[in-house]
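Here are the chains, one letter per residue:
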There are 2 protein chains.
Amino acid sequence: MTTIEFINKLPILEQELKEALLEHSNISRHEKGDFIIKNNEYIKVLKIVLDGKVRVYQANEDREILIYYLNAMETCTLSLSACFEDCKSTVNAIVEENCSILNIPVRFVRDWNFKYKSWNTFTTNTFRESYNHLINQYSTLAFQPLKDRLFDYLTSKASNGIVKKSHQELARELGTTREVISRLLKNLEKSNRLILGQREIILLEKK
Amino acid sequence: MTTIEFINKLPILEQELKEALLEHSNISRHEKGDFIIKNNEYIKVLKIVLDGKVRVYQANEDREILIYYLNAMETCTLSLSACFEDCKSTVNAIVEENCSILNIPVRFVRDWNFKYKSWNTFTTNTFRESYNHLINQYSTLAFQPLKDRLFDYLTSKASNGIVKKSHQELARELGTTREVISRLLKNLEKSNRLILGQREIILLEKK
DNA sequence: GTATACCTGTGACTTTTGTTACAAGCCTAT
DNA sequence: ATAGGCTTGTAACAAAAGTCACAGGTATAC
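Definitions and limits used
Residues numbered from 1 in each chain as written. Chains lettered and ligands numbered in written order. Predicted model: local features only at pLDDT ≥ 70, side-chain atom pairs only at ≥ 80, totals over all residues. Heavy atoms only, no water. Buried < 20%, exposed > 50% of the residue type's maximum accessible area, 1.4 Å probe, protein only. Helix = DSSP H or I, 4+ residues; strand = E, 2+ residues; numbered from the N terminus. Arc of directions from axis to C-beta. Domains from an automatic or database assignment. Contact = heavy atoms within 4.5 Å. Buried area = accessible area lost by both parts, 1.4 Å probe. Salt bridge = Lys/Arg side-chain N within 4 Å of Asp/Glu carboxyl O. Polar contact = N/O pair within 3.5 Å; in protein donor to acceptor, adjacent residues only side chain to side chain. Pairing = 2+ DSSP bridges. Axes fitted to C-alpha atoms, helices over the stretch in contact; angles between N-to-C directions. Phe/Tyr/Trp six-rings, centres within 6.5 Å; stacked < 30°, edge-to-face > 60°. Lys NZ or Arg CZ within 6 Å of the ring centre and 35° of its normal. Near = heavy atom within 4 Å. Nonpolar A, V, L, I, M, F, W, Y, C, P; charged D, E, K, R; others polar.

Caption draft 1: Region of interest: helix H4 (residues 106-115) of chain A. Those residues of H4(A) lying buried are Val106(A), Phe108(A), Val109(A), Trp112(A) and Asn113(A). The arc that holds every buried residue of H4(A), seen down its axis, measures 155 degrees, which confines them to one face.

See the structure below:
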């Protein structure tokens, strides 16, 4: 995707803003495994994924937990947040599928926020949606047993009832370890809620 | 606190905005135990606490978890979020100390966001700070054992090394049950990290 | 093919957290 | 002073999650 194609997909009305976006942003390409953002590094640009897929997560010594995935046309809310105050990242972002990223220096993002109405709407919506989503994740984490979180997560990620992920990946996404996921999946299989394959899980319940 | 006193404490520059705030907002007073916001109700006003204290939390059948406290001069980020899209609350908010609340109908909040620069800064900062705070809470919840979360929470809430809360209150704030908190506190006492009293916990470590 | 890295299964055990049940202490209002 | 409600303690048990150790399967690259 080119910058122009991207801009035309955004709900942006102002011609001037379109030109500013073209002038001040650049596109970078990244391979699977590249780090886009590292914990404790300063964030200097707003990152918008044009295509591919990026995993944004927090890590402690031995475990990780997913904050969000960035898919095509999605904006990294944390780098948006950083646009309004110089700060270090508290998360990592790693490329899961080769991707193109639109980079916009933070000062423009900040300025445009009051200058262009559609940009203002864009940033506000990004914050709002991310915040609401995170609150839900938070109380799910607090209240739901892992078994349920796992099953719901599979349901949400399935396409045609199939999830193509390894147990290790699921563990990283749900903040636990591989063995625990394997055990829970096996239990779910025994109760006929899914079928396990090699890097493949077939769900037996419709949404 | 009056609306005018409040407005003068805000980092608001535009005279016109000050007048609009005065004209379109109202102050309501609430007693301890009142619900300000209930789960599943529509949010129609932005709520800013002028004084007193409000607890905003999520609940499931038998447990609760704190989202945030609103103290004097603090804004309910979730009601701010609701200003930009009609939606139901996913949380409850209950008055913990008698309070005055400034209520601003959502349509003004939305309009002012692009009309007045200082209001725009105010809303953006509110979102940014809340989002960053919640991300931290999230990974703490995912990775830290309850014992550590409890101790850190006590440290953060202590004034002069003392926390005046019952075990039940702590359980509600940390998303668990009273018995669990009692047990963990007793362990912490045994390892000389604090001293337990009646509705009082004396911390034995400096920050 | 075979080496290598990833992927899955699983038993045994530990730790953490939640549940149930009950006893007793403290505080406040009448 | 005493009743009722909140507060704390605690044992015993159950369930959930994490850890360790090892075995064997699968896929891919050379």
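Caption draft 2: Up close: the domain arrangement of chain A. All names here are of chain A. We note that the domain assignment places domain 1 (3-142) and domain 2 (144-203) within chain A. Contacts between the two partners involve 10 residues from domain 1 and, on the opposite side, 12 residues from domain 2. Roughly 890 Å² is buried in total at the junction of domain 1 and domain 2, and carbon and sulfur atoms are behind 49% of that figure. Taken together, domain 1 and domain 2 are joined by 0 salt bridges. Where domain 1 meets domain 2, there are 5 residue pairs in polar contact (both at pLDDT 80 or more). Elements with a contribution of two residues or more to the side of domain 1 that touches domain 2: strand E4 (64-70) and helix H5 (117-143).

Caption draft 3: How the structure looks around the sheet that holds strand E7 (residues 162-163) of chain A. Residues and elements named next belong to chain A. Across the sheet, which stays open at both edges, the 3 strands sit in the order E7-E9-E8 with antiparallel pairing between neighbours. Looking at strand neighbours, the two that pair on one side only are E7 and strand E8 (194-197), the edges of this open sheet. Pairing analysis gives 4 bridges linking E8 to strand E9 (residues 200-203), with the strands arranged antiparallel. Bridge assignment links Ile-195 to a residue of E9, and that residue is Ile-202. On top of the sheet, helix H6 (residues 146-157) reaches E7, E8 and E9; it is set at about 90 degrees to E9, its chief contact. Set on the sheet, helix H8 (residues 178-190) makes contact with E8 and E9; between it and E8 the angle comes to about 130 degrees.

Caption draft 4: Looking closely at the packing of aromatic side chains. Under the defined criterion, the tally for this structure stands at 10 aromatic pairs over all chains. Judged by centre distance (6.4 Å) and plane angle (50 degrees), the rings of Phe84(A) and Phe127(A) are tilted. In this pair, Phe84(A) sits in the loop between helix H3 (77-83) and strand E6 (92-105) while Phe127(A) sits in helix H5, placing the two residues 43 residues apart along the sequence. The exposure class of Phe84(A) is buried, given its relative accessible area of 15%. Overall, the relative accessible area of 2% leaves Phe127(A) in the buried class. Look at Phe127(A) and Phe127(B): their rings are 5.9 Å apart centre to centre, the planes differ by 5 degrees, and that puts the pair in the stacked class. Here Phe127(B) lies in helix H5 (residues 117-143) and Phe127(A) lies in helix H5, a pairing that spans two chains. We note that Phe127(A), like Phe127(B), is buried. The structure contains a cluster of three or more aromatic residues connected by ring pairs, namely Phe84(A), Phe127(A), Phe84(B) and Phe127(B). Its guanidinium or amino end placed over the ring of Tyr57(A), Arg55(A) lies 4.5 Å from that ring's centre, counting from NZ or CZ.

Caption draft 5: The environment of Leu70(A), seen in detail. Residue and element names in this part refer to chain A. Turning to its location among the elements, Leu-70 is positioned in strand E4. Between the alpha carbons of Leu-70 and Glu-96 there is a distance of 9.7 Å; along the sequence they are 26 residues apart. With residues up to four places along the chain from it excluded, the contact list for Leu-70 reads Val-49, Gly-52, Lys-53, Val-54, Val-56, Thr-75 and Cys-76.

Caption draft 6: View of the protein's contact with DNA strand C. Around DNA strand C lies a shell of 22 residues, among which His167(A), Arg199(A), Leu146(B), Thr176(B) and Glu179(B) are the nearest. Taking the atoms of DNA strand C that fall within 4 Å of the protein, sugar and phosphate contribute 46% of them. Within the contact set of DNA strand C, a phosphate oxygen lies 2.8 Å away from a side-chain nitrogen or oxygen of Arg63(B). Of all the elements in the fold, those that place two or more residues in the surface near DNA strand C are H8 and E8 of chain A together with helix H6 (146-157) and helix H8 (178-190) of chain B. Per-element accounting of the surface near DNA strand C gives the leading share, 5 residues, to H8(A). Partitioned by chemical class, the residues of the surface near DNA strand C number 4 nonpolar, 8 polar and 10 charged.

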